[in-house]
Amino acid sequence: MSSETLPTLTETSNVERKQGLSEDQEESQTPRLGEVFEQISKRQMKKLIKQKQWEEQRELRKQKRKEKRKRKKLERQCQLESNSDGNDRKRIRRHVVQSTLRLIIDCSFDDLMILKDIKKLHKQIQRCYAENRRALHPVQFYLTSHGGQLKKNMDENDKGWVNWKDIYIKPEHYSELIKKEDLIYLTSDSPNILKELDESKAYVIGGLVDHNHHKGLTYKQASDYGIDHAQLPLGNFVKMNSRKVLAVNHVFEIILEYLETRNWQEAFFTILPQRKGAVPTDKACESSSHDKQSARVEGGLDSDSSEEDYSRNELDSQHEGEKQDKENSTESTVNSITH
């Protein structure tokens, strides 16, 4: 063997030794399968099994979704074919008659509300929009002084508002958009009672969720701007347990209902929630007179019972007197016998 081949063999053996050592180290560092299973808890094991099953069934789920879409498509086609008599929603929508009445939600009270109340107002506006879209006589819907916290909340939680249809969302104040003589501010503090709706006018609803913290604010604003104001004829038709201040969406929906029925009482009782304890004024009068009569009857019964108690007491006193006389006579008789 030549001297040149010796270093080569030495280097080869060193490399093999290093590889063997590295493999041994990897084996020693890599935990065995049993050790891995021992380290994982039962809950983690269940999760791993479920995840594996979910991945295995991915194609099956995809297939099921495709079949569901096909089935729904067939159902829709069958429904369109069966609706040849014109009772589908799109054809019903054609009977809608747009009202010329303008209904404005005044959002200029943004700085008077906390975020919680802003979110409530946002939900009420959403409800107004949805009801107006469904109404048989939808109004010209305006949202004025739109900005501040309300706009920020709508941008964050309801990005689709920018695509709303049949609504005018304006950053300007309503007084800048509509003539003063056309405006009527709806406020429960107004002394004027609204009898009819004039569809040539623009009615303003104060967009304020204040929990009674700012009484008379909308009335004051209407007076300051020199515009007409009125309140809904709630007291003429409804007796309520709670205050007459209604939520924004309730006022909005009552007006939509009135435009359809032309009946205030029907509009109020269709829209007002049960928690308000609303009853018709005539029934409220009947119940109050009935309460008075029952109170009188109860008073009469009380007087009769007191007389009865008095006579009973009188009889009891007579019995006690007779008993006392008998006892006295018995004692005198005993005394005479003993003596």
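Residues numbered from 1 in each chain as written. Predicted model: local features only at pLDDT ≥ 70, side-chain atom pairs only at ≥ 80, totals over all residues. Heavy atoms only, no water.

The name recorded for the protein chain in an unreviewed UniProt entry is tRNA methyltransferase 10 homolog A, from Galeopterus variegatus. Turning to the protein chain, the UniProt record has this under Catalytic activity (unreviewed entry): "guanosine(9) in tRNA + S-adenosyl-L-methionine = N(1)-methylguanosine(9) in tRNA + S-adenosyl-L-homocysteine + H(+)". (UniProt positions renumbered as here; feature names shortened; annotations may be inferred.)

Novice: What's the story with the pairing of strand β2 (residues 140-144) in this structure? I'm lost.
Specialist: With four of five residues buried, β2 is to be regarded as a mostly interior element. In the sheet, strand β1 (residues 102-106) pairs with β2 via five bridges, with the strands oriented parallel. Across the sheet, residue Ile104 finds its bridge partner in β2, namely Tyr142. Running through helix α6 (residues 115-134), the crossover from β1 to the neighbouring parallel element β2 is right-handed. With respect to chirality, the unit in which β2 leads through helix α7 (residues 148-157) into the neighbouring parallel strand β3 (residues 167-169) is right-handed. (Buried < 20%, exposed > 50% of the residue type's maximum accessible area, 1.4 Å probe, protein only. Helix = DSSP H or I, 4+ residues; strand = E, 2+ residues; numbered from the N terminus. Pairing = 2+ DSSP bridges. Right-handed = clockwise from strand over helix to strand, strands pointing away.)

Novice: Explanation requested: a positive patch on the surface in the structure shown.
Specialist: A cluster of basic residues, Lys42, Arg43, Lys46, Lys47 and Lys50, forms a positive patch at the surface. Within the element layout of this structure, Lys46 appears in helix α3 (residues 42-56). (Patch = residues over 30% accessible without salt bridge, like charges linked within 9 Å, V, L, I, M, F, W, Y side chains within 5 Å. Areas by Shrake-Rupley, 256 points an atom, 1.4 Å probe, with all protein chains shown as cover. Salt bridge = Lys/Arg side-chain N within 4 Å of Asp/Glu carboxyl O. Lys, Arg positive; Asp, Glu negative; His and termini not counted. Charge placed at Lys NZ, Arg CZ, Asp CG, Glu CD.)

Novice: Just to check I follow, could you spell out the pattern of salt bridges for this structure?
Specialist: Once their charged atoms are close, side chains differing in charge can pair, the charge on each being opposite to the other. Summed over the entire model, instances satisfying the criterion amount to eight salt bridges. We note a salt bridge from Arg127 to Glu131, for which the minimum N-O separation is 3.4 Å. Placement of both Arg127 and Glu131 in helix α6 is noted, with a separation of four residues, approximately one turn of the helix. A salt bridge links Arg134 to Glu131, with the nearest nitrogen and oxygen atoms 2.8 Å apart. Here Arg134 pairs with Glu131, and both are found in helix α6, just three residues apart, close to one helical turn. A relative accessible area of 56% places Arg134 in the exposed class. Connected via shared salt-bridge partners are Arg127, Glu131, Arg134 and Glu253.

Novice: How do you make sense of helix α12 (residues 264-271) when you look at a structure like this?
Specialist: Looking at α12, one finds that the buried residues are Trp264, Ala267, Phe268 and Ile271. Angular distribution of buried residues about the axis of α12 spans 95 degrees; they occupy a single face of the element. In the core, the buried residues of α12 are packed alongside α10 (234-237), β7 (238-239) and α11 (248-261). Its side-chain oxygen placed 3.0 Å from the backbone nitrogen of Gln265, Asn263 serves as the N-cap of α12. (Arc of directions from axis to C-beta. Contact = heavy atoms within 4.5 Å. Polar contact = N/O pair within 3.5 Å; in protein donor to acceptor, adjacent residues only side chain to side chain.)

Novice: Is there a simple way to think about the environment of Ser190 in this case?
Specialist: With respect to the secondary-structure elements, Ser190 resides in the loop between β4 (183-186) and β5 (202-206). The buried category is assigned to Ser190, whose relative accessible area is 1%. With 38 residues separating them along the chain, Ser190 and Asp228 place their C-alpha atoms 9.6 Å apart. Apart from the residues lying within four places of it in its own chain, the contact partners of Ser190 are Tyr219, His229, Ala230 and Gln231. Only 3.2 Å separates the side chain of Ser190 from the backbone nitrogen of Asn192, close enough to count as a polar contact.

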